[in-house]
Amino acid sequence: MILVLTDFLYISNMKKILLFFLLATQFLIGQNQEQIKKEFTAYIQATNSLNASQTHALTYPAIFEKVTVQMLQDMYKNLSQNPNFNILTNSTNTPIKINEVVESGGRKFVKIIAENQVLMTFKSPVNDPNVMASDFKVSMNAKKVNFDPKSNTFNIIHDITVIGVQDSSTQNTWKFINFSPRKNVIAELFGKEVSKLLKL
């Protein structure tokens, strides 16, 4: 009877320890995801508002070995002062999926998929909106494209993939890289194994 009671107490204690461990792990994962979401939201707000200095501050530093800050500023200027259209993007109030954090080579990586809305208003009448809508679906892999003839505006819904990276060069904060399947910059910067880990 003593042996059975001892075993029972041992099992009960082990269950409590296991439950505590699971709860603590879930709490830490939740905290980590909240931090990632917070830093990702700041990055998205910077890109949506075409704020070059903020985008630069929140982008993974090695990207600027391939793209200069001046190129980023010129791109944002061309978008904000385009003679043909006005563009507005929103991905801060849309669904976000934060995947599991993975580690490789002393770095942490996370893949984030967010739904992005693009409102593109043309300053001149659109001759063939159906053709343009088809082009947007292909070039942006859009899930949905609607055209409003009254406002001359395309409403484009598509998913964006952003990779968060945390390492010594980021002072262990999350910095971000826009991912495009046309050019796998993650494989170029960190190797094909990291790209496979992130399922890119």
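These remarks concern the structure in this document. (Residues numbered from 1 in each chain as written. Predicted model: local features only at pLDDT ≥ 70, side-chain atom pairs only at ≥ 80, totals over all residues. Heavy atoms only, no water.)

Inspection of the secondary structure puts leucine 88 in strand S1 (residues 85–90). The spatial distance from the C-alpha of leucine 88 to the C-alpha of leucine 50 is 9.7 Å, given a sequence separation of 38 residues. The residues contacting leucine 88, other than those within four sequence positions of it, are Gln117, Val118 and Leu119. (Helix = DSSP H or I, 4+ residues; strand = E, 2+ residues; numbered from the N terminus. Contact = heavy atoms within 4.5 Å.)

Before going further, it helps to examine the pattern of salt bridges. Pairing between side chains becomes possible if they bear opposite charge and their charged atoms approach one another. Evaluation of the coordinates by the stated rule reveals six salt bridges. The salt bridge partner of glutamate 193 is lysine 196, with a shortest N-O separation of 3.9 Å. Remark: lysine 196 and glutamate 193 occur in helix H6 (residues 192–197); sequence separation between them is three residues, near one turn of the helix. For the pair glutamate 193 and lysine 196, a shared accessibility class is recorded, and that class is exposed. (Salt bridge = Lys/Arg side-chain N within 4 Å of Asp/Glu carboxyl O. Buried < 20%, exposed > 50% of the residue type's maximum accessible area, 1.4 Å probe, protein only.)

Another point: the packing of aromatic side chains. Each aromatic ring pair is described using two quantities: the centre-to-centre distance and the angle formed by the ring planes. For the coordinates displayed, the defined rule picks out eight aromatic pairs. Pairing phenylalanine 147 with phenylalanine 154 gives two aromatic rings, centres 4.6 Å apart and planes at 45 degrees, and the pair type is tilted. Each member of the aromatic cluster is reached from another via a ring pair, and the members are Phe85, Phe122, Phe136, Phe147 and Phe154. (Phe/Tyr/Trp six-rings, centres within 6.5 Å; stacked < 30°, edge-to-face > 60°.)

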